Number of protein chains: 2
Amino acid sequence: MRFSATALAVAALAAAGAVDAVKVNPLPAPQQIQWGTSGAKKIALGPGSLQTPGAKGANKDVVYSAFSRVVKTVNKVRWVPAAIEAPIPKFESFPGTDAPAALERREDLRRGNPGKATGSPVTTATIKVADWSADLQLGVDESYSLSIGKDSNALEITAPTVWGALHALTTFQQLVILEDGQLVVEQPVHIVDKPNYPHRGVMLDSGRNFLSVQKLKEQLDAMALTKLNVLHWHLDDTQSWPLQLKTYPQMTKDAYSAREQYSRDDVKDLVSYARKRAIRLIPEIDMPGHSAAGWQQIDPTIVTCQNSWWSNDNWPLHTAVQPNPGQLDILNDKTYTHVEKVYKEVGEMFADNIFHVGGDELQTGCFNFSSSIREWFAADASRTYADLAQYWVDKALPIFKAENNTAGKKRELMMWEDIVLSADIPAKQVPTDVIIQSWNSPANIKTLTSKGYRTVVSNNEFLYLDCGNGGYVSNDPRYNDQTNPDPTGATFSFNYGGPGGSWCAPFKTWQRIYSFDFAANLTESEAALVIGTTAPLWGEQIDDTVIAGKLWPRAAALGELVWSGNKDPKTGLKRLTQLTQRISNFREYLVALGIAAAPIMPKFCIQHPHACDLYYNQTAVV
Amino acid sequence: MRFSATALAVAALAAAGAVDAVKVNPLPAPQQIQWGTSGAKKIALGPGSLQTPGAKGANKDVVYSAFSRVVKTVNKVRWVPAAIEAPIPKFESFPGTDAPAALERREDLRRGNPGKATGSPVTTATIKVADWSADLQLGVDESYSLSIGKDSNALEITAPTVWGALHALTTFQQLVILEDGQLVVEQPVHIVDKPNYPHRGVMLDSGRNFLSVQKLKEQLDAMALTKLNVLHWHLDDTQSWPLQLKTYPQMTKDAYSAREQYSRDDVKDLVSYARKRAIRLIPEIDMPGHSAAGWQQIDPTIVTCQNSWWSNDNWPLHTAVQPNPGQLDILNDKTYTHVEKVYKEVGEMFADNIFHVGGDELQTGCFNFSSSIREWFAADASRTYADLAQYWVDKALPIFKAENNTAGKKRELMMWEDIVLSADIPAKQVPTDVIIQSWNSPANIKTLTSKGYRTVVSNNEFLYLDCGNGGYVSNDPRYNDQTNPDPTGATFSFNYGGPGGSWCAPFKTWQRIYSFDFAANLTESEAALVIGTTAPLWGEQIDDTVIAGKLWPRAAALGELVWSGNKDPKTGLKRLTQLTQRISNFREYLVALGIAAAPIMPKFCIQHPHACDLYYNQTAVV
């Protein structure tokens, strides 16, 4: 394998010493980037410039379409960097203290830069891939190298797989800027790059509110640019079932409307669209909790408590942690008949080897609405809710696994950590071949990996993108405080500095996300089981109208965190101040592409690097 | 004045007893609405259906264009109510407890309703206005009555002024729905309506980030529908000066770009656009604090500390509460020369009698950068910063007032409460003819009105729409907590249930806004000085991309709060549960109009009235 050499080359390359000399600052930061000093290279690539020696099979088209997309975009956007890295300036000294010189206004940034391209233009692109047939699945080699040599007229990309080559192209796309009316790369450049983690995801939720295919594609476009490679799709929930199935067409009676549904063709289209951008789609059908819509249209007796009051106001009788209630009846044999058929058909729609089968937030009160469950407990006083959860694991997981074998796939299962760690209803034994997604305390990451589970980190304290937006339940008297109980502001309460109705408040900023040391305190073997992270954007207050601004640019901070990390490879310190300009520039870039990423600070701040820092000390975050 | 009779009619009308029988639920709720029972009336109005006996002058066109807009919109949107009022349903009883019947799924809502229109269709509209010349200014009579009689073919609107007539039309617009393929009003209806407060505003900020004319117009469209009648436009701030002036064209050197500026024609266009929708534009030039951009291009010596480090990290040396610093030099005579000219030209661009001249957040540290201020304090040890603020008040306010007289206007001034109440730098005496805007503690509302100031309420604990979105400053080590200091969750800290970088966290939900009893604890004479409220949406993290979702539907809760209040006129209790369906429907309506209002809950909740309430008890909020 000649490409194993790239790993060595990474180590051999000098760290990104000359990077400050150029304006571009691609996101995520590549592992290694080395700039020349011989001047800008004009980029004159067209759709026909691509050469792919040895290319074959379906993936060849993937590379050609990606290249064509990049060429089209750089020519359309004609990007002038909106924010560039610079040291913090000196400011006028406070009278009676000292600190020389004045704040420079960055006029150059606002005018664009009048640099001249020299040397031979880049007129060809060569993409060499070692294995054209490697499938896009968990763990596929995503590394690449990219070179634009001083005396070369070629963009040269090498990668073990097409998926690495696609990442090379999104890096290249961010290197091309407009200077003096010409598209250029600022200097000869050599990049060697690979991700720190194989699973880099965001989770979107079409169960609480519908998300259109068009808006999902828009998010996939932005994900590809940040090298996020997994869209975990929480397809349904108790509230709605938007997915059309041949087996049970009646399930979409619980879609919100005829328009708010996904056809089989829609899903096929999305899987293909994502794959062309090196993104895997992992479907989630959350079972046996969070289940009512759709299922109750097959047979209302396989669902428990769907007609109950969720009863958060009377906690001993609560049947759900949010409206509306509903769980599959674990002791009803018909449940498994229908689950199997739904699992089979949904599985056939998706190409990924991983299928997420939920397993979170089972509520004991809800199961009380099933007479068979009540009788089962009455028949043997030693039975616990953990036994009930184990019954689900023992019966459902073999069905899922058998189905996977039938389909000739090597499918694996993913579940939420509750099935292992819930305080109320943990199963006693869950096979360690199930990948577990951790969303509660960060301490659970160690607990899960020490038990031998491959773990995806989705911690709510750092990565829940829906937090801090207030509550989504109505008739809530808690908002009615008229006076701050602590006018000193020393302590926080519901309406005063506190959560304000959002259980996972506060809002997770790009800085919070980037600061997450999710693999801290793990042994080497535990750390090896962390396969990556997924940032969930739960959908109670999300739909087409606001999704782009909620995801972006924050998910880009996650993209870099799991691709090349949050630390400067030279100093080992957190590189939050470097990220500031990178993510500010990237946000403006998304807006230029028509994606409504939210502003994170006044534009003054991005036009004046570090003027809006909280600390003058650039190593305040360590 | 025959229209003074409407005030009596309001009291005489029965309270909205039959309102539950119909689906429409206009927002804000009218003061009095009486439905007939004789069946739906088909609406067959065209642009030529309007009669306006006695109409004259420029305001006639305002009414005709508003009518034409309504006719066009109802025919285009063909609205089917997305959420309707209904009692909370019964749910299946928790095993071992009692509570009969099952949750109904609201199939009718999702299918649309097959009702039939009967009786004579409405083919004409008559708008009778008593005073066609009344100008749109603070306190103009905005009352109206609206009738569609059982045997009438006319929509009949009467109002003292065209501005009341415009409000009647936005009410009518929300009454028209699609049933059985026809546009109808569900029953004969009679409405008598008027606002509780004359000043009902939102504040937008084009100083921190630019807002395009197009997006401002979109917000004006939505404001008109909720009868919000003031756009307080915080035009500039230290960060940027987007307004082109003839007097000082150099000021827009501190606009963010050539594109991110307002021409004089843009402003004229916006003033006219707003006026056609019964909305006043109040300009704010914030002085002498929050001043750097623009001013420094006229003469850098009239600004202090603009080149200093804002120094929040070293509080004794701080020069601003946010980056970037800058205040007008109060002791520099040239300051007043330039302030006068800027005030004059901006004043000429706007039609409103009120001009906001700022006055908030003066920082002592910033003034230390002025040698003349340092010398002034050195010359007399008895001088205080309050004396300095008084110097500004004594010198600047007469200039503003003289200018108003010169222009032949009856202009009044508005200022932030800091100029009266600041802990650091309050002026000693501010004339009570200045309208004061209160944004700190709600207790200040009483303090200000007891001092005799007309007061606009913009309290940050209820009405700041930008809160809860994390911080807008970079290099912030506070996000770096890796462990919750209180894992019990009993107390909140920065990253755990606490503010997360937003000084005015949490996010203010529609329920929080609506719950605000801002006139509580006031004497009658104090209450009479509260002229209304303004909800500010400060712009550090707002621009075109996210503004609609941040404003809407939350500002609609404010619209109702200040129009007809938050209490049921029958019971005197808060009517939050009624608002739920009203605001949910209104949010969907805005989306149908192309305005990206944010979802406030899963769509399940709006299809199932009260299923997502926190409390089953519908009078939990009192």
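The rules behind each value
- Residues numbered from 1 in each chain as written.
- Chains lettered and ligands numbered in written order.
- Predicted model: local features only at pLDDT ≥ 70, side-chain atom pairs only at ≥ 80, totals over all residues.
- Heavy atoms only, no water.
- UniProt positions renumbered as here; feature names shortened; annotations may be inferred.
- Helix = DSSP H or I, 4+ residues; strand = E, 2+ residues; numbered from the N terminus.
- Rg over C-alpha atoms; globule rule 2.2 N^0.38 Å.
- Buried < 20%, exposed > 50% of the residue type's maximum accessible area, 1.4 Å probe, protein only.
- Contact = heavy atoms within 4.5 Å.
- Areas by Shrake-Rupley, 256 points an atom, 1.4 Å probe, with all protein chains shown as cover.
- Least-squares fit on C-alpha atoms with pLDDT ≥ 70 in both.
- Pairing = 2+ DSSP bridges.
- Axes fitted to C-alpha atoms, helices over the stretch in contact; angles between N-to-C directions.
- Parallel < 35°, antiparallel > 145°, perpendicular 65-115°, else oblique.
- Nonpolar A, V, L, I, M, F, W, Y, C, P; charged D, E, K, R; others polar.
- Polar contact = N/O pair within 3.5 Å; in protein donor to acceptor, adjacent residues only side chain to side chain.
- Phe/Tyr/Trp six-rings, centres within 6.5 Å; stacked < 30°, edge-to-face > 60°.
- Lys NZ or Arg CZ within 6 Å of the ring centre and 35° of its normal.
- Disulfide = S-S within 2.5 Å.
- Buried area = accessible area lost by both parts, 1.4 Å probe.
- Salt bridge = Lys/Arg side-chain N within 4 Å of Asp/Glu carboxyl O.
- Left-handed = near helix turned anticlockwise from the far one by under 90°.
- pLDDT = per-residue confidence, 0-100.
- Core = buried A, V, L, I, M, F, W, Y, C linked by side-chain atoms within 4.5 Å.
- Expected span 1.5 Å × (residues − 1).

- Per an unreviewed UniProt entry, chain A goes by Beta-hexosaminidase and derives from Exidia glandulosa HHB12029.
- According to the UniProt record, the Catalytic activity (unreviewed entry) comment for chain A is "Hydrolysis of terminal non-reducing N-acetyl-D-hexosamine residues in N-acetyl-beta-D-hexosaminides."

1. A look at the overall build of chain A
Phase 1: Helix and strand counts for chain A stand at 20 helices and 19 strands.
Phase 2: At 26 Å, chain A has a C-alpha radius of gyration in line with the 25 Å of a compact globule built from 622 residues.
Phase 3: For chain A, the C-alpha atoms occupy an extent of roughly 85 × 70 × 50 Å along the three principal directions.
Phase 4: When each of the 622 residues of chain A is scored for burial, the buried share is 64%.
Phase 5: Taking as baseline every contact in chain A between residues at least 6 positions apart, the subset at least 24 positions apart corresponds to 75%.
Phase 6: Accessible area for chain A stands at about 20900 Å²; split by element, carbon and sulfur atoms hold 52% of it.

2. Section: the relation of the copies chain B and chain A
Phase 1: Placing chain B over chain A gives an RMSD of 0.0 Å and needs a rotation angle of 180 degrees, together with 0.0 Å of translation along the axis. Such values leave the two copies arranged in the relation of a two-fold axis. For chain B, the residue whose C-alpha comes nearest the rotation axis is Gly498(B), separated from it by 2.2 Å.
Phase 2: When the interface residues of chain B are mapped onto chain A, 100% of them are again interface residues, pointing to one common binding face.

3. Structural notes on the sheet that holds strand 2 (residues 41-42) of chain A
All names here are of chain A.
Phase 1: Strands sit in the order 2-8-7 across an open sheet of three strands; the sheet is antiparallel. Every other strand in the sheet has two partners, leaving strand 2 and strand 7 (177-179) as the edge strands with one partner each.
Phase 2: As paired elements, strand 7 and strand 8 (residues 182-185) share three bridges and run antiparallel to each other. The partner of Ile 177 across the bridge, within strand 8, is Val 184.

4. Quick notes on the environment of Gly96(B)
Residue and element names in this part refer to chain B.
Phase 1: Relative to the elements of secondary structure, Gly 96 occurs in the loop between helix 2 (58-77) and helix 3 (107-111).
Phase 2: Relative accessible area serves as the criterion here: at 86%, Gly 96 is assigned to the exposed category.
Phase 3: Taking the C-alpha atoms as reference, Gly 96 lies 53 Å from Ala 168; in sequence the two are 72 residues apart.

5. Some remarks on the packing of helix 5 (residues 213-225) of chain A against helix 6 (residues 264-275) of chain A
Residues and elements named next belong to chain A.
Phase 1: At a minimum axis separation of 10 Å, helix 5 and helix 6 run at an interaxial angle of 10 degrees. In terms of their interaxial angle, helix 5 and helix 6 are classed as roughly parallel. Across from Val 213, Leu 216, Lys 217, Leu 220 and Asp 221 in helix 5, the residues of helix 6 making contact are Asp 266, Asp 269, Leu 270, Tyr 273 and Ala 274.
Phase 2: Looking at side-chain class alone, the contact of helix 5 with helix 6 contains six nonpolar, no polar and four charged residues.

6. Considerations on the side chain of Ser212(B)
Phase 1: Structurally, the position occupied by Ser212(B) is in the loop between strand 10 (199-205) and helix 5 (213-225).
Phase 2: Within the structure, the side chain of Ser212(B) is placed 2.7 Å from the side chain of Asp544(B), a separation counted as a polar contact.

7. A look at the packing of aromatic side chains
Phase 1: Within the structure shown, the criterion is met by 48 aromatic pairs over all chains.
Phase 2: Between Phe369(A) and Phe94(B) the ring centres are 5.4 Å apart and the planes differ by 85 degrees, which places this aromatic pair in the edge-to-face class. One end of the pair, Phe369(A), is in the loop between helix 9 (364-367) and helix 10 (371-379); the other, Phe94(B), is in the loop between helix 2 and helix 3, on a second chain. For the pair shown, Phe369(A) and Phe94(B) are each scored as buried.
Phase 3: Lying across the ring of Tyr273(A), Arg277(A) places its NZ or CZ 3.5 Å from the centre.
Phase 4: A cation over an aromatic ring shows up here: Arg512(A) above the ring of Phe462(A), its NZ or CZ 3.6 Å from the ring centre.

8. Digging into the sheet that holds strand 6 (residues 154-161) of chain A
Backbone hydrogen bonds are what pair the strands of a sheet, in a parallel or an antiparallel way.
Residues and elements named next belong to chain A.
Phase 1: As summarised here, the arrangement of the six strands in space is 1-9-5-6-4-3, forming an open sheet in which the pairing is mixed. The open sheet has two edge strands, strand 1 (32-35) and strand 3 (50-51), and neither has a second partner.
Phase 2: Here strand 3 runs beside strand 4 (residues 124-131); their pairing, made up of two bridges, is parallel. Each bridged residue has a counterpart across the sheet, and for Leu 50 the counterpart in strand 4 is Ala 125.

9. A few points about the side chain of Ser143(B)
Phase 1: Mapped onto the elements of the fold, Ser143(B) is located in the loop between strand 4 (124-131) and strand 5 (144-148).
Phase 2: Within polar-contact distance, the side chain of Ser143(B) engages the side chain of Asp141(B) at 2.7 Å.

10. Details of the state of the cysteines
All names here are of chain B.
Phase 1: Under the definition given, this model contains six disulfides over all chains.
Phase 2: Between the sulfur of Cys 605 and that of Cys 612 lies a disulfide, 2.1 Å long from S to S. Between Cys 605 and Cys 612 the sulfur-sulfur dihedral comes to about -75 degrees; the bridge is accordingly left-handed.
Phase 3: Since its relative accessible area comes to 1%, Cys 612 is described here as buried.
Phase 4: Cysteine pairing for chain A, with bonded cysteines counted in sequence order: 1-2, 3-4, 5-6.

11. Let's talk about the interface of chain B and chain A
Phase 1: Facing the 112 residues of chain B at the interface are 112 residues of chain A.
Phase 2: With both chains or domains summed, chain B and chain A bury close to 9100 Å², and 55% of this area falls on carbon and sulfur atoms.
Phase 3: Counting the surface chain B buries against chain A, the share from its top three residues, Trp309(B), Asn475(B) and Leu614(B), is 9%.
Phase 4: Scanning the region where chain B abuts chain A turns up four salt bridges.

12. Thoughts on unusual backbone geometry
Trans peptide bonds make up most of the peptide bonds, and negative phi angles are found at most residues other than glycine.
Phase 1: Looking along the chain, the bond that leaves Trp552(A) and enters Pro553(A) is cis, with omega of 5 degrees.
Phase 2: For Pro553(A), the location among the structural elements is in the loop between helix 17 (547-551) and helix 18 (554-563).
Phase 3: With an omega of 0 degrees, the peptide bond between Ala505(B) and Pro506(B) qualifies as cis.
Phase 4: Tracing the backbone through its elements, the reader meets Pro506(B) in the loop between helix 14 (460-463) and helix 15 (510-514).
Phase 5: For Cys305(B), which is not glycine, the phi dihedral falls at a positive 65 degrees.

13. Section: the packing of helix 18 of chain A against helix 19 (residues 576-592) of chain A
Each pair of packed helices gets described by two things: the angle between the helix axes and the distance between those axes.
Residue and element names in this part refer to chain A.
Phase 1: Two elements in contact, helix 18 and helix 19, have axes separated by 10 Å at closest approach and are oriented at 130 degrees. Between helix 18 and helix 19, the angle is such that the two are oblique. Both helix 18 and helix 19 take part in a crossing whose hand is right-handed. Within the contact between the two elements, helix 18 uses Ala 556, Ala 557 and Glu 560 and helix 19 uses Leu 579, Arg 582, Ile 583 and Phe 586.
Phase 2: In the contact of helix 18 with helix 19, the residues fall into five nonpolar, no polar and two charged.

14. Some thoughts on the confidence of the model for chain A
Residues and elements named next belong to chain A.
Phase 1: Averaged over all residues, the pLDDT of chain A equals 93, while 93% of them reach at least 70.
Phase 2: Per-residue pLDDT stays below 50 along residues 1-20; that stretch engages in 24 contacts with residues further than four places along the chain or on separate chains.
Phase 3: Overall fold confidence for the complex sits at a pTM of 0.95, while the interface term, ipTM, reaches 0.94.

15. As for the nonpolar core
Phase 1: In terms of nonpolar packing, the biggest core is built from 179 residues, with Leu146(B), Phe172(B), Trp295(B), Trp392(B), Phe400(B) and Trp552(B) touching the most fellow members.
Phase 2: Once residues lying within four places of it in the same chain are set aside, the contact partners of Phe172(B) are Ile43(B), Leu45(B), Val70(B), Leu146(B), Ile148(B), Leu155(B) and Val185(B).
Phase 3: The next biggest cluster of nonpolar side chains, apart from the first, holds 178 residues, and it includes Ala125(A), Phe172(A), Leu183(A) and Cys605(A).

16. With respect to helix 4 (residues 162-175) of chain B
Phase 1: With 14 residues, helix 4 of chain B extends 20 Å from end C-alpha to end C-alpha; this agrees with the ideal 20 Å at 1.5 Å per step.
Phase 2: Most of helix 4 of chain B sits out of view: 14 of its 14 residues are buried.

17. Quick word on helix 19 of chain A
Residues and elements named next belong to chain A.
Phase 1: Taking 1.5 Å per residue, 17 residues should reach 24 Å; helix 19 reaches 24 Å between its end C-alpha atoms and fits that length.
Phase 2: Summarising burial for helix 19: 14 of the 17 residues are buried, a large majority.
Phase 3: Gly 594 sits one or two residues past helix 19 and shows a positive phi near 95 degrees.

18. Thoughts on the pattern of salt bridges
All names here are of chain A.
Phase 1: Following the criterion strictly, the structure yields 58 salt bridges over all chains and no others.
Phase 2: Between Lys 344 and Glu 348 there is a salt bridge whose closest N-O contact spans 3.0 Å. Of this pair, Lys 344 and Glu 348 both sit in helix 8 (residues 333-349), four residues apart, which is roughly one turn of the helix.
Phase 3: For Lys 344, a relative accessible area of 36% gives the class partly exposed.
Phase 4: Take Glu 348: its relative accessible area is 45%, and that puts it in the partly exposed class.

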